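Structure at a glance
Residue-level listing of the chains:
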Amino acid sequence: MRSYALYFAALFALIVDQATKIGVVFGLDLVNLLRIDVAPPLLNFRYGENRGINFGLFNDGGDSSRWILIAISLVICAAVFIWVRRSHSSSRMMLISAGLVIGGALGNVLDRVLYGYVLDFLNMSCCGFNNPYVFNVADIFVFGGAAGLILFEGRAKKPA
């Protein structure tokens, strides 16, 4: 029963990611407006198409890099899934964290399949620092899930 936490967290992350992308990028017409100041400078919506990885690295690899990145993402999702399912020390929080990583990664994979790139729209700046980069909710789930995997690894009760 405990392993359902992984599936629910992955599904939750995937749905929230896709819903925010559809709602902001298409619902608020960010795809045409390109920028919406929500609470500047802390939160702005900026339209972005990421064909590479973080911060636009490997952004010019063409269609072959798109499919390579999809394959790498799916392999990582499978590796995280197998790792936490086989681990006897996976706590509920670790399973949730793994689900967030997997769901976030699958959200970006779905973007690459549907659009050829990952839709990004969040931009945050603060304290005189003007951040030029955009990200999405899936990236937040992947980052938070990875942090959870580190924090909660090995904290489950040991079997008697």
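Whatever comes next refers back to the structure up there.
These notes cover the structure that comes with them. (Residues numbered from 1 in each chain as written. Predicted model: local features only at pLDDT ≥ 70, side-chain atom pairs only at ≥ 80, totals over all residues. Heavy atoms only, no water.)

1. Considering the overall build of the protein
Of the regular secondary structure elements, the protein holds 5 helices and 3 strands. Helices and strands appear in the protein in the N-to-C order α-α-β-β-α-α-β-α. Seen through its C-alpha atoms, the protein measures out along the principal axes to roughly 60 × 40 × 25 Å. Both charge centroids of the protein, one from 13 positive and one from 10 negative side chains, sit 15 Å from each other. (Helix = DSSP H or I, 4+ residues; strand = E, 2+ residues; numbered from the N terminus. Lys, Arg positive; Asp, Glu negative; His and termini not counted. Charge placed at Lys NZ, Arg CZ, Asp CG, Glu CD.)

2. So, helix H4 (residues 92-115)
With 24 residues, H4 extends 34 Å between its outermost C-alpha atoms, agreeing within 8% with the 34 Å of an ideal straight helix rising 1.5 Å per residue. In the stretch just after H4, Gly116 is the one whose phi turns positive, near 95°. (Expected span 1.5 Å × (residues − 1).)

3. Topic: the sheet that holds strand S2 (residues 43-50)
On the basis of which strands lie adjacent, the open sheet formed by 3 strands has the order S1-S2-S3 and antiparallel pairing. The open sheet terminates on both sides in strands that have one partner only, identified here as strand S1 (35-39) and strand S3 (118-123). Recorded for the sheet is a direction-independent mean angle of 30° between the axes of neighbouring strands. This element, helix H1 (residues 4-27), spans S2 and S3 of the sheet and lies at about 80° to S3. (Pairing = 2+ DSSP bridges. Axes fitted to C-alpha atoms, helices over the stretch in contact; angles between N-to-C directions. Contact = heavy atoms within 4.5 Å.)

4. With respect to the environment of Gly148
Relative to the helices and strands, Gly148 is located in helix H5 (residues 137-152). Linking Gly148 and Leu100, residues 48 residues apart in sequence, is a C-alpha distance of 9.2 Å. If we skip the residues at most four places from it in the chain, Gly148 touches Ser97 and Glu153.

5. A look at the packing of aromatic side chains
The final tally for this structure, using the stated rule, is 7 aromatic pairs. An angle of 50° between the planes, with centres 6.1 Å apart, marks the rings of Tyr7 and Phe81 as tilted. Residue Tyr7 is located in helix H1, and its partner Phe81 is located in helix H3 (residues 62-86); the two are separated by 74 residues in the primary sequence. Residue classification places Tyr7 among the partly exposed positions, given a relative accessible area of 37%. Among the aromatic residues, ring-to-ring pairing joins Tyr4, Tyr7, Phe8 and Phe81 into one connected group. (Phe/Tyr/Trp six-rings, centres within 6.5 Å; stacked < 30°, edge-to-face > 60°. Buried < 20%, exposed > 50% of the residue type's maximum accessible area, 1.4 Å probe, protein only.)

6. Observations concerning the state of the cysteines
Throughout the structure, instances matching the rule amount to 1 disulfide. Across the disulfide, Cys126 is cross-linked to Cys127 (sulfur-sulfur distance 2.5 Å). (Disulfide = S-S within 2.5 Å.)

7. Description of the packing of H4 against H5
Put simply, H4 and H5 touch, their axes get as near as 7 Å, and they point 155° apart. Classified by the interaxial angle, the pair formed by H4 and H5 is roughly antiparallel. As for how H4 packs across H5, the hand of that crossing is left-handed. Residues Met93, Met94, Ser97, Ala98, Leu100, Val101, Gly104, Ala105 and Asn108 of H4 pack against Ala138, Asp139, Phe141, Val142, Gly145, Ala146, Gly148, Leu149 and Phe152 of H5. Split by residue class, the contact of H4 with H5 holds 12 nonpolar, 5 polar and 1 charged. (Parallel < 35°, antiparallel > 145°, perpendicular 65-115°, else oblique. Left-handed = near helix turned anticlockwise from the far one by under 90°. Nonpolar A, V, L, I, M, F, W, Y, C, P; charged D, E, K, R; others polar.)

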